[in-house]
Amino acid sequence: MPLVSIGLPVFNGERYLEGAVRAILEQTFTDFELVVCDNASTDGTADILARLSREDRRIKVHRNPVNIGAAPNWNRVFELSTGRYFKWVAHDDLHEPEFLERTVDVLEQDPGVVLCHTQTRLIDEDGAELPFDPVRGEYLDRAGNGRIGPPPPGRATSCDPVKRFADIFLRTVRCTDGFGLMRADMLRRTPLHRSYYSSDKALLVEIALHGRYHEVPETLFLKRDHVGTSLTLSPEQQRLWIDTSGRSSRLPPRRQQYLQILRAVATVPGLAPVQRLRCAGIVAGRIEWGEFVLNRFRTQRA
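Rules behind the numbers
Within each chain, residue numbers correspond to sequence positions counted from 1 in written order. Two thresholds apply to this predicted model, a pLDDT of at least 70 for residue-level local features and 80 or more for giving and counting side-chain atom pairs, whereas whole-chain, interface and lining totals are computed over all residues. For side-chain calculations, the full set of non-hydrogen atoms in the structure is used, while hydrogens and water are omitted. In this description a helix means any DSSP run of H or I spanning at least four residues, a strand means any run of E spanning at least two, and both kinds are numbered starting from the N terminus. To get the radius of gyration, use the C-alpha atoms; to get the globule rule, take the number of residues to the power 0.38 and multiply by 2.2 Å. Type-normalised accessible area, obtained with a 1.4 Å probe on protein chains alone, sets the label of each residue: buried when under 20%, exposed when over 50%, and partly exposed for intermediate values. Should DSSP find at least two bridges between two strands, the strands are taken to pair. Salt bridges are defined by distance alone: a side-chain nitrogen of Lys or Arg within 4 Å of a carboxyl oxygen of Asp or Glu. Directions pointing from the helix axis toward each C-beta atom define the arc. By convention a nonpolar core is built from buried Ala, Val, Leu, Ile, Met, Phe, Trp, Tyr and Cys residues, the set being connected through side-chain atoms within 4.5 Å. Only heavy atoms matter for contacts: two residues are in contact if any of them lie within 4.5 Å across the pair. If you view a crossover with the strands going away from you and the path from the first strand over the helix to the second runs clockwise, you call it right-handed.

Undergrad: Can you break down the overall build of the chain residue by residue, with the values?
TA: From N to C terminus, the chain includes 11 helices and 11 strands. Computed over its C-alpha atoms, the radius of gyration of the chain comes to 19 Å, within 12% of the 19 Å expected for a compact globule of 302 residues. With the C-alpha coordinates aligned to their principal axes, the bounding extent of the chain is approximately 55 × 45 × 45 Å. Within the chain, the fraction of its 302 residues that count as buried is 52%.

Undergrad: Now, about the environment of Ala166: what can you tell me, with residues and values included?
TA: Note that Ala166 resides in helix H5 (residues 161-171). Ala166 gets classed as buried once you look at its relative accessible area, which sits at 10%. Expressed as a C-alpha distance, the spacing of Ala166 and Ala156, which sit 10 residues apart in the sequence, is 8.1 Å.

Undergrad: Pulling in residues and values, what's your account of the sheet that holds strand E8 (residues 138-140)?
TA: One open sheet holds the three strands; their spatial order is E7-E8-E9, and the pairing between them is antiparallel. On the outer flanks of this sheet lie strand E7 (132-133) and strand E9 (146-147), each paired with one strand and no other. Here E7 runs beside E8; their pairing, made up of two bridges, is antiparallel. Across the sheet, the residue bridging to Asp133 is Glu138, located in E8.

Undergrad: Requested: an account of the pattern of salt bridges, with residues and values cited.
TA: Applying the stated criterion to the full structure yields 23 salt bridges. As a salt-bridge pair, Lys223 and Asp93 come within 3.0 Å of each other at their nearest N and O atoms. You can see Lys223 sitting in strand E11 (residues 212-224) and its partner Asp93 sitting in the loop between strand E4 (85-88) and strand E5 (94-95), a full 130 residues away along the chain. Of the two residues, Lys223 and Asp93, neither departs from the other in class, the shared state being buried.

Undergrad: Could you give an account of helix H4 (residues 99-109), naming the residues involved and the relevant values?
TA: Among the residues of H4, Phe99, Leu100, Thr103, Val104, Val106 and Leu107 are the ones counted as buried. With its buried residues spanning 160° around the axis, H4 presents them on a single face.

Undergrad: Summarise the nonpolar core; cite the residues concerned and give the values.
TA: In this structure, Val4, Trp88, Phe165, Leu187 and Ile207 are the most contacted members of the largest nonpolar core, which totals 74 residues. It is helix H7 (residues 199-210) that contributes the most residues to this core, seven residues altogether. Excluding residues within four positions of it along the chain, Ile207 makes contact with Val114, Leu115, Met182, Met186, Leu187 and Tyr213.

Undergrad: If you had to explain the pairing of strand E1 (residues 4-10) to someone new, which residues and values would you point to?
TA: Within E1, seven of the seven residues are buried, which leaves the element mostly enclosed by the surrounding structure. Side chains of E1 alternate between two faces, with Val4, Ile6, Leu8 and Val10 and Ser5, Gly7 and Pro9 buried alike. Summarising the sheet, E1 and strand E2 (residues 32-38) pair through seven bridges and their orientation is parallel. Directly across from Gly7, in E2, lies its bridge partner Val35. Assessed by its sense of winding, the connection that carries the chain from E1 through helix H1 (residues 17-25) to E2 is right-handed. Where E1 meets E4, four bridges bridge the pair, whose relative direction is parallel. The partner of Gly7 across the bridge, within E4, is Trp88.

Undergrad: Got a sec to walk through the side chain of Asp38? Specific residues and values, please.
TA: With respect to the helices and strands, the residue Asp38 is situated in strand E2. Here Asp38 is in contact with Val10, Thr45, Ala46, Leu49, His62, Arg63 and Asn64, once residues within four sequence places are set aside.

Undergrad: Can you break down the sheet that holds E2 residue by residue, with the values?
TA: Across the sheet, eight strands lie side by side as E3-E2-E1-E4-E10-E6-E11-E5; this open sheet has mixed pairing. Edge positions in the sheet fall to strand E3 (59-63) and E5, since each of these pairs with one other strand and no more. With two bridges connecting them, E5 and E11 associate as antiparallel partners. Bridge pairing in E11 links Leu94 to Leu222.

Below, the structure is given as structure tokens:
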């Protein structure tokens, strides 16, 4: 059984897939399995995976007979994993060779850390770094459009779970921490990815209630920002992309996210009653109650 499992869900990823896989295979830490779930791709993804898996036995390829949607496929790679530590990998991102070595060392040395990441660099379609405009305070793509930057340093490192909760819930926009290395036993106590857009934020908030985050002060993760990401889809397209079964809720994603977070606040073990109340108060302070009541009325009438 490997120490680390890496889960790579993919659908029609032929443009970037081989680069992403080879970046994992070239890691200086080698005790891992790479679990890939091909979500019924219709391009050259299957051929690329077949060739790469013949080259390296650590690659374990599974193919869904039909496209089950993004969230179920991201959960599937974790369900098939066997390692003590787990990491999700997107088919279009890259990692420096030392990523696993640095993050594994942190989790092995500090049992209070449940998720370890590194600093992040944003890259474009061709791998060029996105520039940061200090005047606008944001990253820019090649067309000059603003892009959301990596999360702030020092997040969710406190021993106080309420402070960790606030760091992720209030101050994290881009959820790159979802690509950090995590403790698999902790992750099994969560609902993983739910079938609505932005569920990854709720998952990261819940993880912060379980324990501390740690960021390695080296830029070893390269997050690709390009026109093919799900951020460019319409809300309806995002709803169908996240789960193709059609069973995903019609409730607004933000409302589903808040409900999932509140369930975590109520159920994550080890929190004192006053800590649960403080976390719930933080969520309540962000709810636009007029819109919440109107959406509830609309749902009841539907």
